[in-house]
Amino acid sequence: MAETNVKEATTKEPLFQFGKKERKLLTDPLNDNNPITVQVLGICSALAVTSLVYPSVVMSIAVIFVTGFSSLFTSLLRNYIPKQVRMIVQLVIIASLVTVVELTLKYLNYPVYKQLSVYIGLIITNCIVMGRLEAFSMANKPWRSFLDGIGNGLGYGAILIAVGVVRELFGKGSLFAGSPIEMKIIGPTAEYFINTETSTLFGWYENNNLMVLPAAAMFIIGIMIWIQRSYNQKLVDIS
Amino acid sequence: MGEFFNIFIKAAFIENLVLAYFLGMCSYLAVSKTVKTAFGLGLAVIFVLGITMPINWLIQEYLLSETGVFGTDLTFLRFILFIAVIASMVQLVEMVVEKFSPALYNALGIFLPLITVNCAILGGSLFMVSREYNFSESVAFGLGGGFGWFLAIIAIAAIREKIRYSNVPPALRGLGMAFILTGLMGIAFMSLLGIDPAAFGN
């Protein structure tokens, strides 16, 4: 009996369909429902890694992996998890995935692992992961939960990388420092694309040390929220 | 004793968990609309951070490290164990407080469960491991970190209460302004870098 039920469910709705609704799950978190600027979740472990672009990219990939797969697994188990202990079960799922990410990163790229230090572990308490599990995966089918997780991870990563680009470009004059595709844009030596020592046009330019401080990440996100809300009136806080 | 104060001052002011490491940012922004609620959450954080830090230190030292009971390196279990300790400690603290001090329970009430997913708690424990603190240092770090978090959330709540009467651009109201204010507070706290912790005895 149970088997026929499962078959019926799968024939009614194919396991992996990708229509308009599914696309919305992926694109909605990028703007209208962005985890950082609208839902205000997951800021904790994010901002500290954004002083350079490369660690931000690595962090984003790690978060996308964790949000996607924790949503998938929670959704698969959603009918077996007792309501009272669901927090602990979710935390165990997330913690195991984060351990996998941590060990993989330690093996693949040790310098970046050192740079991210405790913030990889802090993906566990990243509210965006828990938030999506509670709000979406506990009530939806695996495939759609997976897409929702990936979508939210992408929305999070987009902000992270945007902040990283601004901070590194204006703070250090380079992009992707520490990675194979390092680009030196503007600076006082001949190595840089625009050499401020010899250039007549950019001779006045100096790197902005404020951008390297943690506070700069706050200002940049504040300004991003400002820009987004001036274009998207329905997000404006009325209270 | 000097070392204890040294770490306390450093954790509370110079390396403030919110303003220098962005830990506990979610609840910091969500619960800082009024000073009263901010006060409750701040107290709860000091409480839980002060308790979980020594417990996690004992777990790290006696269960997970190579010199511990099992004699092998079990550090890959660190995340799962730490978060389990934090979740169960929060639950336990909630029950004890409810039993013995209903007044405090009413004040902390809804904030206690929130603390499980407060990054400052897990972050504090992970910092403790990576900085190789000993037992008394980890107690000092827990209390100091909690106190710093408490100070930061009280300050931002007071500012947000006042700024409601100011003429902020509509798109910047609420969240946007809270971010910019936090940034400014971060810069203000940075000036405390000038404090020499050694002045408190060492």
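Residues numbered from 1 in each chain as written. Chains lettered and ligands numbered in written order. Predicted model: local features only at pLDDT ≥ 70, side-chain atom pairs only at ≥ 80, totals over all residues. Heavy atoms only, no water.

1. Notes on the overall build of chain A
Per the secondary structure count, chain A includes 9 helices and 4 strands. Taken from N to C terminus, the helices and strands of chain A fall in the order α-α-α-α-α-α-α-α-β-β-β-β-α. Looking at chain A alone, contacts between residues at least 24 apart form 71% of all its contacts between residues at least 6 apart. On chain A, roughly 12,000 Å² of surface is accessible, and the fraction owed to carbon and sulfur atoms is 66%. (Helix = DSSP H or I, 4+ residues; strand = E, 2+ residues; numbered from the N terminus. Contact = heavy atoms within 4.5 Å. Areas by Shrake-Rupley, 256 points an atom, 1.4 Å probe, with all protein chains shown as cover.)

2. With respect to the packing of helix 8 (residues 142-172) of chain A against helix 9 (residues 214-231) of chain A
Residues and elements named next belong to chain A. Between helix 8 and helix 9, the shortest axis-to-axis distance is 10 Å and the interhelical angle comes to 120°. Relative to helix 9, the element helix 8 is oriented oblique. In this structure, the crossing between helix 8 and helix 9 has a hand that is right-handed. The residues of helix 9 that touch helix 8, namely those facing Ile159, Ala162, Val163, Val166 and Arg167, are Pro214, Ala216, Ala217, Ile220, Ile221 and Met224. In the contact of helix 8 with helix 9, the residues fall into 10 nonpolar, no polar and 1 charged. (Axes fitted to C-alpha atoms, helices over the stretch in contact; angles between N-to-C directions. Parallel < 35°, antiparallel > 145°, perpendicular 65-115°, else oblique. Left-handed = near helix turned anticlockwise from the far one by under 90°. Nonpolar A, V, L, I, M, F, W, Y, C, P; charged D, E, K, R; others polar.)

3. Examining a nonpolar patch on the surface
Residues and elements named next belong to chain B. Side chains of Leu58, Tyr62, Leu63, Val69, Phe70 and Phe135 sit close together on the surface and give an oily, nonpolar patch of about 600 Å² of accessible area. Looking at the nonpolar patch element by element, the count peaks at 3 residues for helix 4 (residues 35-64). Relative to the elements of secondary structure, Val69 occurs in the loop between helix 4 and helix 5 (78-100). (Patch = residues over 30% accessible without salt bridge, like charges linked within 9 Å, V, L, I, M, F, W, Y side chains within 5 Å. Salt bridge = Lys/Arg side-chain N within 4 Å of Asp/Glu carboxyl O.)

4. Section: helix 9 (residues 135-163) of chain B
Spanning 29 residues, helix 9 of chain B covers 42 Å between terminal C-alpha atoms, matching the ideal 42 Å at 1.5 Å per step. Sitting at the amino-terminal end of helix 9 of chain B is B:Asn134, which places a side-chain oxygen 3.3 Å from the backbone nitrogen of B:Ser136. (Expected span 1.5 Å × (residues − 1). Polar contact = N/O pair within 3.5 Å; in protein donor to acceptor, adjacent residues only side chain to side chain.)

5. Considerations on the interface of chain B and chain A
Facing the 37 residues of chain B at the interface are 39 residues of chain A. Between chain B and chain A, a total of about 3,400 Å² is buried, with carbon and sulfur atoms accounting for 83% of that surface. Considering only the side of chain B, the residues that lose the most area to chain A are B:Phe22, B:Phe79 and B:Phe179, jointly responsible for 21% of the buried surface there. One can count 0 salt bridges joining chain B with chain A. Run the count over chain B and chain A and you get 1 residue pair in polar contact (both at pLDDT 80 or more). Taken together, the elements giving at least two residues each to the side of chain B that touches chain A come down to helix 2 (17-21), helix 3 (25-30), helix 5, helix 8 (119-130) and helix 10 (175-190) of chain B. Within the side of chain B that touches chain A, the residues separate by chemical class into 28 nonpolar, 8 polar and 1 charged. (Buried area = accessible area lost by both parts, 1.4 Å probe.)

6. Describing the side chain of A:Gln90
Residue and element names in this part refer to chain A. Tracing the chain through its elements places Gln90 in helix 4 (residues 86-108). For Gln90, a relative accessible area of 0% translates into the label buried. Separated by 3.2 Å, the side chains of Gln90 and Glu134 make a polar contact. If sequence neighbours within four positions are ignored, Gln90 has contacts with Thr74, Met130, Leu133, Glu134 and Met138. (Buried < 20%, exposed > 50% of the residue type's maximum accessible area, 1.4 Å probe, protein only.)

7. A closer look at the confidence of the model for chain B
Residue and element names in this part refer to chain B. Mean pLDDT for chain B: 82, with 93% of residues reaching 70 or above. Mean pLDDT values for the elements of chain B range from 72 in helix 7 (residues 111-115) up to 90 in helix 9. Across the whole predicted complex the pTM is 0.80, and at the interface the ipTM reaches 0.77. (pLDDT = per-residue confidence, 0-100.)

8. Observations regarding the pattern of salt bridges
Opposite charge on two side chains permits pairing when their charged atoms draw close. All names here are of chain A. Within this structure, the stated rule accounts for 2 salt bridges over all chains. For Asp148, the salt bridge goes to Arg132, with nearest N and O atoms at 3.0 Å. Highlighted residues: Asp148 in helix 8 and Arg132 in helix 7 (residues 127-135), separated in sequence by 16 residues.

9. Focus on the packing of aromatic side chains
Residues and elements named next belong to chain A. Tallying each qualifying case throughout the model produces 15 aromatic pairs over all chains. Taking the centre distance of 5.0 Å and the plane angle of 45° together, the rings of Phe65 and Phe69 count as tilted. Highlighted residues: Phe65 and Phe69, both in helix 3 (residues 53-77), separated by 4 residues, approximately one helical turn. The exposure class assigned to Phe65 is partly exposed, which follows from its relative accessible area of 30%. Overall, Phe69 belongs to the partly exposed group, its relative accessible area being 29%. (Phe/Tyr/Trp six-rings, centres within 6.5 Å; stacked < 30°, edge-to-face > 60°.)

10. A short note on the packing of helix 2 (residues 20-27) of chain A against helix 8 of chain A
The angle between the axes and the distance between the axes are what describe a pair of packed helices. All names here are of chain A. At their nearest, the axes of helix 2 and helix 8 sit 7 Å apart, and the two run at 30° to each other. With respect to helix 8, the axis of helix 2 lies roughly parallel. On the side of helix 2, the interface is formed by Lys21, Glu22, Leu25 and Leu26, while helix 8 contributes Trp143, Arg144, Leu147, Asp148, Ile150, Gly151 and Leu154. Here the residues of the contact of helix 2 with helix 8 are counted per class, giving 6 nonpolar, 1 polar and 4 charged.

11. Quick look at the environment of B:Leu175
Residues and elements named next belong to chain B. Note that Leu175 resides in helix 10. The class for Leu175 is buried, based on a relative accessible area of 9%. For the pair Leu175 and Ala30, spaced 145 residues apart in the sequence, the C-alpha separation amounts to 9.0 Å.

12. Let's talk about unusual backbone geometry
Most peptide bonds take the trans configuration, and most residues that are not glycine carry a negative phi. Residues and elements named next belong to chain B. Phi at Glu132 takes a positive value of approximately 55°, unusual for a residue other than glycine. Tracing the sequence through the fold places Glu132 in the loop between helix 8 and helix 9. The exposure class assigned to Glu132 is exposed, which follows from its relative accessible area of 68%.

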